[in-house]
Amino acid sequence: NAGVMQNPRHLVRRRGQEARLRCSPMKGHSHVYWYRQLPEEGLKFMVYLQKENIIDESGMPKERFSAEFPKEGPSILRIQQVVRGDSAAYFCASSPKMDSREQYFGPGTRLTVT
Amino acid sequence: AQTVTQSQPEMSVQEAETVTLSCTYDTSESDYYLFWYKQPPSRQMILVIRQEAYKQQNATENRFSVNFQKAAKSFSLKISDSQLGDAAMYFCAYRSEGAGSYQLTFGKGTKLSVIP
């Protein structure tokens, strides 16, 4: 009964490169949420996706960031032309339905931009 | 918009003693959930305890209990018989209840140290 999987756990990118973060939800879960944790901060909501649909991307920066959750395969958070300010921990959570009481978190991906 | 405030950036407790972490929140809603999450050095977010706002009884999970004061919008976490493994960041979180509600709002966290 695997939990939420995220990979890679650590990712180092130079400024200007692209970062791709992957999230496989728990089995039976079709709702995925991405959160970002900046240093010394709590987690902040970025985007909510269902299979093949972006439901709410109100927390996503307007430029360079995109997310998808295809019919097959993991959800991807993509950051183009990374800058030092993108350095953070990115967490994915999943739930079986939208208004489930709990969201189950993955271990996070720590992105470092050099 | 809802906000969650944790006014104690750091706390420490002696092993086997009791410690209380504070959390206040601001909302105009009457139905919602409150959570405490633990984040150890591994950074994995672990759900510690959950409270439904409509329940008057305070939630408990083994050594963890909450003091939920709805009128005061306060939601503190009490850890009894503290253990070394309790050392972590603790985050208070809020989520609305009902159809279309999914976004968790987190406080900035409290770093708990346990002294042997």
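Everything below is about the structure printed above this text.
Here goes a summary of the coordinates provided. (Residues numbered from 1 in each chain as written. Chains lettered and ligands numbered in written order. Predicted model: local features only at pLDDT ≥ 70, side-chain atom pairs only at ≥ 80, totals over all residues. Heavy atoms only, no water.)

1. Some remarks on the overall build of chain B
So, point 1. Per the secondary structure count, chain B includes zero helices and twelve strands.
So, point 2. Secondary structure elements in chain B, listed N-terminal to C-terminal, are β-β-β-β-β-β-β-β-β-β-β-β.
So, point 3. The C-alpha atoms of chain B give 14 Å as radius of gyration, which agrees with the globular expectation for 116 residues (13 Å, within 12%).
So, point 4. A burial count over chain B gives 47% of its 116 residues as buried. (Helix = DSSP H or I, 4+ residues; strand = E, 2+ residues; numbered from the N terminus. Rg over C-alpha atoms; globule rule 2.2 N^0.38 Å. Buried < 20%, exposed > 50% of the residue type's maximum accessible area, 1.4 Å probe, protein only.)

2. Considering the interface of chain B and chain A
So, point 1. Of the residues lining the interface, 23 residues belong to chain B; the matching set on chain A comes to 24 residues.
So, point 2. The contact between chain B and chain A buries some 2,000 Å² in all, and 49% of this surface belongs to carbon and sulfur atoms.
So, point 3. Considering only the surface of chain B that becomes buried against chain A, B:Arg43, B:Tyr102 and B:Phe106 emerge as the three largest contributors, covering 32% of it.
So, point 4. At the surface where chain B touches chain A, the tally comes to two salt bridges.
So, point 5. Here B:Arg50 ties to A:Glu102 by a salt bridge, and the two come within 2.0 Å at their closest N and O atoms.
So, point 6. The interface formed by chain B and chain A holds eight residue pairs in polar contact (both at pLDDT 80 or more) in total.
So, point 7. Those elements giving two or more residues to the side of chain B that touches chain A turn out to be strand E5 (32-39), strand E6 (46-52) and strand E10 (88-96) of chain B. (Contact = heavy atoms within 4.5 Å. Buried area = accessible area lost by both parts, 1.4 Å probe. Salt bridge = Lys/Arg side-chain N within 4 Å of Asp/Glu carboxyl O. Polar contact = N/O pair within 3.5 Å; in protein donor to acceptor, adjacent residues only side chain to side chain.)

3. Concerning the nonpolar core
So, point 1. Within the largest apolar cluster, 25 residues are counted, with the highest numbers of intra-cluster contacts made by B:Tyr25, B:Trp36, B:Phe75, B:Leu77 and B:Tyr90.
So, point 2. Elements supplying a minimum of two residues to this core: strand E3 (19-21), E5, E6, strand E8 (64-69), strand E9 (74-79), E10 and strand E12 (110-115) of chain B.
So, point 3. Looking at this core, the element that brings in the most residues is E10(B), giving four residues.
So, point 4. The next biggest cluster of nonpolar side chains, apart from the first, holds 23 residues, and it includes A:Cys23, A:Ala67, A:Leu77 and A:Val82. (Core = buried A, V, L, I, M, F, W, Y, C linked by side-chain atoms within 4.5 Å.)

4. Topic: the environment of B:Met11
Residue and element names in this part refer to chain B.
So, point 1. Looking at where Met11 falls in the secondary structure, it is placed in strand E2 (residues 10-14).
So, point 2. Taking the C-alpha atoms as reference points, Met11 and Thr110, separated by 99 residues in sequence, lie 6.9 Å from one another.
So, point 3. Beyond its immediate chain neighbours, meaning those up to four positions away, Met11 contacts Val19, Thr20, Leu21, Thr110, Lys111, Leu112 and Ser113.

5. Overview of the pattern of salt bridges
So, point 1. The tally for this structure, following the rule as stated, stands at ten salt bridges over all chains.
So, point 2. For A:Glu18, the salt bridge identified is with A:Arg78, shortest N-O distance 2.8 Å. One end of the pair, A:Glu18, is in the loop between strand E2 (10-13) and strand E3 (19-24); the other, A:Arg78, is in strand E8 (residues 75-79), with 60 residues separating them in the sequence.
So, point 3. The class for A:Glu18 is partly exposed, based on a relative accessible area of 29%.
So, point 4. Using a relative accessible area of 27% as the deciding quantity, one classes A:Arg78 as partly exposed.
So, point 5. Where B:Asp26 meets B:Lys73, a salt bridge forms, and the shortest distance between an N and an O atom there is 3.9 Å. Taken together, the positions of B:Asp26 in strand E4 (residues 24-26) and B:Lys73 in the loop between E8 and E9 put the pair 47 residues apart, joining distant regions of the chain.
So, point 6. Given the relative accessible area of 26%, B:Lys73 is considered partly exposed.

6. Regarding the packing of aromatic side chains
So, point 1. Across all of its chains, the model carries 18 aromatic pairs over all chains by this definition.
So, point 2. Summarising the aromatic geometry, the rings of A:Phe45 and B:Tyr102 are spaced 6.1 Å apart at their centres and angled 45° between planes, so their arrangement reads as tilted. Separated into two different chains, A:Phe45 in strand E5 (residues 43-50) and B:Tyr102 in the loop between E10 and strand E11 (105-106) make up a pair that spans both. Across the pair, B:Tyr102 and A:Phe45 agree in class, each one buried.
So, point 3. Consider the rings of B:Phe35 and B:Tyr37, whose centres lie 6.1 Å apart with planes at 35°: the pair is tilted. The same class applies to B:Phe35 and to B:Tyr37, which are both buried.
So, point 4. Taken together, the aromatic side chains of A:Tyr33, A:Tyr35, A:Phe45, A:Tyr48, A:Phe105, B:Tyr33, B:Phe35, B:Tyr37, B:Phe91, B:Tyr102 and B:Phe106 make up a single cluster linked through ring pairs. (Phe/Tyr/Trp six-rings, centres within 6.5 Å; stacked < 30°, edge-to-face > 60°.)

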